[in-house]
Amino acid sequence: MRAIPLGKPSVIAIAAISVIGVLSFLWPFVAPADSFLVVNSSETPLLFALIIPLLLVTVISQISDGGLDAKAIALLGALAAVISVLRPLGAGLGGIEPIWVILILAGRAMGPGFGFLLGSISLLASALFTGGVGPWLPFQMLAAAWVGLGAGLLPKASGKRELMILSAYAAVACVAFGFIMNLWFWPFSLNLPEQIAFTPGASAGENLLAWIRFNLATSLGFDLPRAALTVILIAVIGSPILQLLRRASRKAAFDAPTVFIETQRIS
Amino acid sequence: MIIFESVSFRYTEQGPPVLRDLNLEIPAGELALLLGATGSGKTTFLRAINGLVPHFTGGYFTGRVSVDGRSTRVNQPRELADLVGFVPQDPVSGFVTDLVEDELAYSMECLGIDPPVMRRRVEEILDLLGLTELRNRPLHTLSGGQQQRVAIGSVLTAQPQVLVLDEPTSALDPGAAEEVLAALHRLVHDLGITVVLAEHRLERVMQYCDSILLLEDGSIRSGSPSELMQTSSIAPPVIHLGRLAGWDPLPISIRDARRAAPPLRALLANHSPRIQAVPTHSPRIVEIKKVHFSYGDKAVLRGVDLDLDAGEITALMGRNGAGKSTLLRTLVGLKTRSKGTIHVNGVDPNTLAAKDLLRHVGFVPQEPHDLFEALSVAAECKSSDSDAGCPPGTTRALLALMAPDVEDGTHPRDLSEGQQMLLALCLIVAAKPPLLLLDEPTRGLDYPTKKKLGEVLRGLANAGHSILMATHDVELVAELATRVVIMGDGEIVANGPTQSVITDSPMFAPQVSKVLAPERWITVEQIAHALSQELA
Amino acid sequence: MTPRWLHPGAWWLWSLCLAATASQTTNPLLLGLLICAAVIVVAARKPDAPWGKSFEFFLFLGAMIITIRVLFQIVFGAGLGTTVLFELPGISFPAWMSGLRLGGAVTLEALLGAFYDGLRIATIAIVIGAANSLASPTRLLKAVPTALYELGVSIVVALTFVPQLTSDAARIREMRKLRGRNSKGLKGFASLGLPILAGALDRSIILAESMDSRGYGRHQKETTLGRRVSVTLVLGSLSLALIGVYSLLTAGTTALVAIFIVFIGLMLGGVTLWRAGRTRIRTVYRPDIWALPEWLVSIAGIAVLGIFFTARTGGDQALILTPALDTWPSLPWWGILAFGIACTPAITTPPPPAFDIEISAPTSVEART
């Protein structure tokens, strides 16, 4: 079931912005010491915070040109609202947000294109609703879009096997999301204690170690419980949620053919 | 204006046809009323007018529908937006924005209308529908009638020539329904708009319509109201009365019926209405003494006293905001009274734990689907058995008795509104609560389903339940209730046998009573009974 | 002045300028003044709407940032300075963790440095929080370019659904009680969530139907050639951006050339959006006006940034504070001037209109009877 069809240009566009996105996250490990990004490493995150949203809207506009009908928009809006309501709930639990269940299962039920858009739109909507707009937003949108996209690309399966695959994916996705969300601003805090700081010019290995320590010190305490919560929720209510989503997509009749049968006009 | 030429439609290639070879024409400027039982294809018919069927739903479409010469074969619904305005059954679900003014402008924004023109039209519609005061209000704070008028206004700003409405008043109380119908009436008369509307509450709309479209099993008959009502199985009480009395031409409005009534009055002069047997000496179920409740500093209940006995069916009436819902909620422990005592079956509902509550008092909400959680009817019934602590299968057996045609695997939300109401009733009744509360049980139900529900409720009362229902449906009250309690401003202003309470007040009088006042006849059945005695 | 909504763009410009200003200095007095300006303006012009409440959260976030930053300094130890405050037991990890050390001597200078650094990031967060609570998100969506119409609508839909979902949640909680269940714990939360989700999905289909019949998605058909041009532009834009970013990453290329390539890529993206906007038929009802107050707010923001920028290029020492005991932060006259200018929106803007969301006194169930 594909609620939002992705044409070849859209696929290429998503691939291109993903590569730029990966670079925007991973440059501290690959860029040589004398490259522009490293030399200006405390401004680089802001540079990417400008580039990513502009390219992201170009890509979204390309996808929506290919066919974003009222049904897809309304479903996106409804699910983004559900996610926006769940996010503040998560803030009370110390950032352990239950939103990933919805994003992953919706990506699974409605296809990769829908997952990609839902990831970015839902984080934007919830940021607007709760007042959480800032330089972190473009990175969150892109990373969540990947999570949704990936869920849509998981291999075919059904029943228990499907839930197993989804749980495994959810665990990986939740931890990975936390880790890369640490990455975008990591070089920005220049005066961190040496052992957990980005050191311009140090080897990729050293920086990677420093970054892993930084993660252990900061977000792992949130990332693991979040992953655990998501896996538990998928195990407990994954199957009914998937059924509800599939029922909605059946009712929206994304795939149902519209046929006009010609008849002889009786005059 | 609207022309159907040999239109047939089925959702799947092999599936049963929903519409069969329809041919008809609705002239410009007419208000056409679409009638049909649940499942007769009304929804599909309405959606075929602007092309939602088949473009939105998918499916196999034969023939041609054209509106003002534009065919739905080549035009998507969005391309007909400036010609056909479509108002869905639940206006809240159709709202795109959250403020009244933005919602009114939304269609025009989509059509790319110039900002100065938009501004002018919004002002016009605000005046036309009496919404000026509400222009800056968030939509979810409006009452049902106001929301329905905003929904109508929001499609009117595109200046369509045709307005299609799916049950615009079935969820409204009489006052709000009157507002909406008066607005529609004005549109037809002042602007010459063609209106097609489907409606269950015929007693409200019959007098306004110019023609009737009667949909039965996918085929359609159209004609003038008095002609079609001769034989239609779906008809308001005044029509049944007219047919019984053999009036010709058949009167459609109360006013015409009153004029035709004198011979009937003479026939009935020596009879008195047969009254439903009121149980005596049955155990007391509910004792309410001096109950007060307030939201902040707004008093909603002020010293309510009420006793209810087993076997009674009590109707709780009164305008919106009179405190009906609050009283029901206080009885079931959802709200905590500020003063007074309540005993239900000997205990105070506020002291009961959730799992014990169900065995003392059951409450069926206005939107029955709020009670549903499971993914299928069977699962829903199973979880109800464990909630109620009764042997497995009890709820399912109960449902089979009330609604035999419901299938196990269906998703509860995919049931028709009547079936949803019966399922909700089963879930609650399974625990056999001595007191059964219902909030607007007939909202959105058609006549056959209402009749069915009435029989079920009477059966439950005879089995010893005491039933208290908040309702605006005077015809239901006339048929079913043994007692009527009227609330006003948080107090009980009338409390007595149905016959005397509802005939005393023009506001709550059923159609039969309006025709035959000041005599105290309230149902067609009473008159039929009296006439059969007269003939004998 | 009569109450009206200020153009959200003006608030965002003002706040982004203040954020850029904050990133230029580590002087705690200057940073403190920027925070004060944000607090004063928010206090004066915060609307009584759901998003208006977010500012407190950002203040809290700011405090958290500073705390965490200082804690890091203590735990990971090692820093400048000689004034030892106290000493933590040091732990050294084996070599395979490349000799990670924890604890050790904690110096006052190191803590001050951490505090200044944290304060800078906290200030950026707080001034951005000011825009979040001052600017109406729904009005911001009105200013979205036509090409992003679909994106805008889906967010409008989401914002419309949110209050409906919360009232659904309250109602369904009650109904669960009627069936003898409670909604506590993970299981309760899950089974409360399912009916809400089912309701939201059902409603979205009705909404789609209504949107379709009200003209959503009407746009002119593009010619095959036009389509090809669009696709080429999108892909061209992305490839240029990619090439540019890649060159920035590698040492060889001149930075200026690389930034130029990225810039051209972004411009092409802009052209795509403009072209996509042309095919969509859509107008805006009562768009927000950009009048004198909007100009004053934007100019205030730009002026503050300008003052700091001039000071920085002039090499003013007040901007950078070395964390040492003998250097006290100085408060230059231009800092006070900038503070005054940053505060002007509290007076020069019209107050926001009353947002009468509280009218919903009766429960939604009764409102819909």
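See the structure shown above.
Residues numbered from 1 in each chain as written. Chains lettered and ligands numbered in written order. Predicted model: local features only at pLDDT ≥ 70, side-chain atom pairs only at ≥ 80, totals over all residues.

1. Concerning the overall build of chain B
Here is the rule we go by: For helices the rule is a DSSP run of H or I covering at least 4 residues; for strands it is a run of E covering at least 2, with both sets numbered from the N terminus onward. Taken over C-alpha atoms, the radius of gyration is set against a globule rule of 2.2 Å times the number of residues to the power 0.38. Residue burial is a threshold on neighbouring C-beta atoms within 10 Å of the residue's own C-beta, all placed from the backbone, with 20 or more meaning buried, 12 or fewer meaning exposed, and counts in between meaning partly exposed.
Scanning chain B from N- to C-terminus turns up 22 helices and 19 strands. By the compact-globule yardstick of 24 Å for 536 residues, chain B fits well, its C-alpha radius of gyration being 24 Å. Principal axes of the C-alpha set define a box for chain B whose edges measure 70 × 55 × 50 Å. Here chain B, with 536 residues, has 56% of them falling under the buried criterion.

2. Here's the deal with helix α6 (residues 149-178) of chain C
Residue and element names in this part refer to chain C. Heads up, the rule is: Every helix has an expected span of 1.5 Å times one less than the residues it contains. A residue's bend is simply the angle between two axes: one fitted to the seven residues ending at it, one to the seven starting at it.
A rise of 1.5 Å per residue sets the reference length of α6, with its 30 residues, at 44 Å; its end C-alpha atoms lie 43 Å apart and thus fit the reference within 8%. In the structure, α6 departs most strongly from a straight axis at Val-162, where the bend amounts to approximately 25 degrees and where the proline Pro-163 lies between one and four residues downstream. Within α6, 23 of the 30 residues are buried, which leaves it mostly tucked inside the rest of the structure. Two residues or fewer after α6 comes Gly-180, characterised by a positive phi angle close to 80 degrees.

3. Looking at the sheet that holds strand β3 (residues 31-35) of chain B
Residue and element names in this part refer to chain B. Heads up, the condition is: The pairing criterion is simple: DSSP has to find at least two bridges between the two strands. Helix axes are fitted to C-alpha atoms over the stretch in contact, other axes to C-alpha atoms as well, and angles between N-to-C directions run from 0 to 180 degrees. Working definition of a contact: two residues with C-beta atoms, positioned from the backbone, lying within 7 Å.
Ordered in space as β6-β7-β8-β3-β9-β10, the 6 strands form an open sheet in which the pairing is mixed. Of all strands in the sheet, those with a lone pairing partner are β6 (84-87) and β10 (219-223), marking the two edges. Taken over all neighbouring pairs, the strand axes of this sheet differ in orientation by 15 degrees on average, direction set aside. On the sheet, helix α1 (residues 42-49) packs against β3, β6, β7 (162-166), β8 (194-198) and β9 (211-216) and is oriented at approximately 155 degrees with respect to β7.

4. Quick word on the interface of chain C and chain B
As a reminder of what qualifies: For this classification, Asp, Glu, Lys and Arg are treated as charged, while Ala, Val, Leu, Ile, Met, Phe, Trp, Tyr, Cys and Pro are nonpolar and the rest, including Gly, are polar.
In this complex, chain C contributes 52 residues to the contact, which on the side of chain B involves 62 residues. The set of elements that each furnish at least two residues to the side of chain C that touches chain B consists of α6, α7 (185-213) and α13 (364-367) of chain C. Grouping the amino acids of the side of chain C that touches chain B by side-chain chemistry returns 23 nonpolar, 13 polar and 16 charged.

5. Overview of the nonpolar core
Stated formally: Nonpolar core, as used here: buried Ala, Val, Leu, Ile, Met, Phe, Trp, Tyr and Cys residues forming one set through C-beta atoms within 7 Å.
One finds Ile-104 of chain A together with Leu-34 of chain B to be the most contacted residues of the largest nonpolar core, which totals 322 residues. Among the elements that make up this core, the one with the highest residue count is α6 of chain C (14 residues). Once residues lying within four places of it in the same chain are set aside, the contact partners of Leu-34 of chain B are Lys-42, Phe-45, Leu-46, Val-196, Leu-197, Ala-198, Leu-213 and Leu-215 of chain B. Of all hydrophobic cores here, the second largest spans 45 residues; its members include Trp-11, Trp-14, Leu-134 and Ala-300 of chain C.

6. Looking at the interface of chain A and chain C
You'll often see interface size given as the accessible area lost when the parts meet. Chain A puts 71 residues into the contact, and the matching count from chain C is 71 residues. Of the residues forming the side of chain A that touches chain C, the biggest block, 13 residues, is contributed by helix α4 (residues 70-92) of chain A.

7. Some thoughts on the sheet that holds strand β14 (residues 339-344) of chain B
Residue and element names in this part refer to chain B. Spatial strand order, β12-β11-β14: 3 strands in an open sheet with antiparallel pairing. In this open sheet, the two edge strands, each paired with only one partner strand, are β12 (298-309) and β14. The sheet shows a mean angle of 15 degrees between the axes of neighbouring strands, direction not considered. The sheet contact formed by strand β11 (residues 284-295) and β12 spans 8 bridges and is antiparallel. Paired with Val-286 across the two strands is Leu-308, which belongs to β12. Taken strand by strand, helix α13 (residues 324-331) contacts β11, β12 and β14, and its axis lies near 60 degrees from that of β12.

8. Overview of the packing of α6 of chain C against α7 of chain C
Residues and elements named next belong to chain C. We apply this condition: Oblique is the label for any angle not under 35 degrees, not over 145, and not in the 65 to 115 range, which are roughly parallel, roughly antiparallel and roughly perpendicular in turn. In a left-handed crossing the near helix is turned counterclockwise from the far helix by less than a right angle, and in a right-handed crossing that turn is clockwise.
Where α6 contacts α7, the axes come no closer than 9 Å and their chain directions differ by 140 degrees. In terms of axis orientation, α6 runs oblique to α7. Along this stretch, α6 crosses α7, giving a crossing that reads as right-handed. Contacts between α6 and α7 involve Val-157, Phe-161, Leu-165, Asp-168, Ala-169, Ile-172, Arg-173 and Arg-176 on the former and, on the latter, Leu-192, Pro-195, Ile-196, Gly-199, Ala-200 and Leu-207. When its residues are assigned to classes, the contact of α6 with α7 shows 10 nonpolar, 1 polar and 3 charged.

Remember that the coordinates give geometry; whether it matters functionally is a separate question.
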